[in-house]
Amino acid sequence: MNLKDLFSKKKSDPHCSVVIVAAGSGERMGADKVFLDLAGVPVLARTLKPFQDSECVDEIVIVTRTEKLSEVSDLCSSNGFTKVSKVVSGGATRTESALAGVSEVGPKTKLIAIHDAARPFITKELISSLVSCADQFMAAVPAVRCADTIRIVDDEGVITGDTDRNYAVQIQTPQIFDADIIKGALSYAVTHERSLTDDSSAAKMMGVKVHTVSGDPDNIKLTVPDDLIKGAAILKSRGES
Ligand code: CTP
Ligand code: MG
């Protein structure tokens, strides 16, 4: 932590560690999306910067594929990401990777934020509102309202169920939790081979009330090649390209 961060940090701030999950294979993108170049900066470097700069964040653990461990460490040192304490190997599923990361945070950690490396448009403002909410309620996730009608379909694509759009939200990351709760929930999920698409599902499964804060429509996950066009537009709107 540099001197400026030390003085701006309130005594009562909870010790917050961030786990960046970057161990996927990018099958739908057709490339290792974490290292894709976005206007001259690798996706992972863009993702890490707001966490490095946030006064709410004390430590960052990165989870990556074993063959990328040294490439990720080099990216951190060359970009001055001093909060990165560990770079560790992930697992076969996102849940296993998240568990690998939360198992490596320092002993002082009170809150753990888990964030997709593939969401490079996260802002310091959203991180800070999530930390405040998680500090109060133990579990906080960003949510954005759905513009489209949401229906449930079967394997043939036939509609089988409804949802009330007024109560439907899209969930993003970072998701922030009390450290003991999320460690226990992810261990349970992995041990019982539960297939989950996010970490709040693991917390909810344990009976934890997960609170939402207003997410950011620009906080997209780079999933398919078309998302790179959306990403370029977001950078342009921010004057970063
Ligand atoms: N992830 C991970 N470990 C895995 C799978 C995913 O750390 N075994 C990470 C990805 O690197 C990504 C985030 O979880 O940052 C969200 O996953 P997703 O968008 O599904 O990325 P990939 O799994 O890489 O993509 P795909 O599913 O298309 O292969
Ligand atoms: Mg995946």
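Structure first, text after, so check above.
Calculation criteria
Residues numbered from 1 in each chain as written. Chains lettered and ligands numbered in written order. Predicted model: local features only at pLDDT ≥ 70, side-chain atom pairs only at ≥ 80, totals over all residues. Heavy atoms only, no water. Core = buried A, V, L, I, M, F, W, Y, C linked by side-chain atoms within 4.5 Å. Buried < 20%, exposed > 50% of the residue type's maximum accessible area, 1.4 Å probe, protein only. Helix = DSSP H or I, 4+ residues; strand = E, 2+ residues; numbered from the N terminus. Contact = heavy atoms within 4.5 Å. Near = heavy atom within 4 Å. Polar contact = N/O pair within 3.5 Å; in protein donor to acceptor, adjacent residues only side chain to side chain. Areas by Shrake-Rupley, 256 points an atom, 1.4 Å probe, with all protein chains shown as cover. Salt bridge = Lys/Arg side-chain N within 4 Å of Asp/Glu carboxyl O.

Student: When you look at the nonpolar core in this model, what are you seeing that I'm missing?
Tutor: Inside soluble globular proteins, nonpolar side chains tend to come together where they are buried. If you look at the biggest cluster of nonpolar residues, it comprises 31 residues, and the most contacted ones within it are Ile-20, Leu-44, Leu-48, Phe-51, Ile-60 and Ile-62. Secondary structure elements with two or more residues in this core: strand 1 (16–22), helix 2 (43–53), strand 4 (59–64), helix 3 (69–79), strand 6 (111–116) and helix 5 (124–137). Setting aside its immediate chain neighbours within four residues, Ile-60 contacts Val-18, Ile-20, Leu-48, Phe-51, Gln-52, Lys-83, Val-84, Ser-85 and Lys-86.

Student: How should the site of ligand 1 be read in this particular structure?
Tutor: Taken together, 18 residues form the shell around ligand 1, and within it Val-21, Ala-23, Glu-27, Ser-97 and Lys-221 come nearest. One of the backbone N or O atoms of Gly-24 is found 2.9 Å from an oxygen atom in ligand 1. Separating an oxygen atom of ligand 1 from a backbone N or O atom of Gly-26 is a distance of 2.8 Å. The protein chains hide 88% of the 560 Å² of surface that ligand 1 would expose on its own. At the level of elements, strand 1 and helix 4 (94–102) are the ones that each hand at least two residues to the shell around ligand 1.

Student: So what exactly am I meant to see when it comes to the pattern of salt bridges here?
Tutor: Working definition: two side chains of opposite charge can pair if their charged atoms are close together. The tally for this structure, following the rule as stated, stands at twelve salt bridges. A salt bridge links Asp-32 to Arg-65; its shortest N-O distance comes to 3.5 Å. With Asp-32 in the loop between strand 1 and strand 2 (37–38) and Arg-65 in the loop between strand 4 and helix 3, this pair connects stretches of sequence that are 33 residues apart. Glu-71 is the partner of Lys-68 in a salt bridge, and the nearest nitrogen-oxygen pair spans 3.3 Å. A relative accessible area of 36% places Glu-71 in the partly exposed class.

Student: Any chance you could explain helix 2 here in plain terms?
Tutor: Two residues of an α-helix separated by three or four positions point the same way, owing to the 3.6 residues in each turn. Taken across its eleven residues, helix 2 has nine buried, putting it largely inside the fold. Burial in helix 2 covers these residues: Val-43, Leu-44, Ala-45, Arg-46, Thr-47, Leu-48, Pro-50, Phe-51 and Gln-52.

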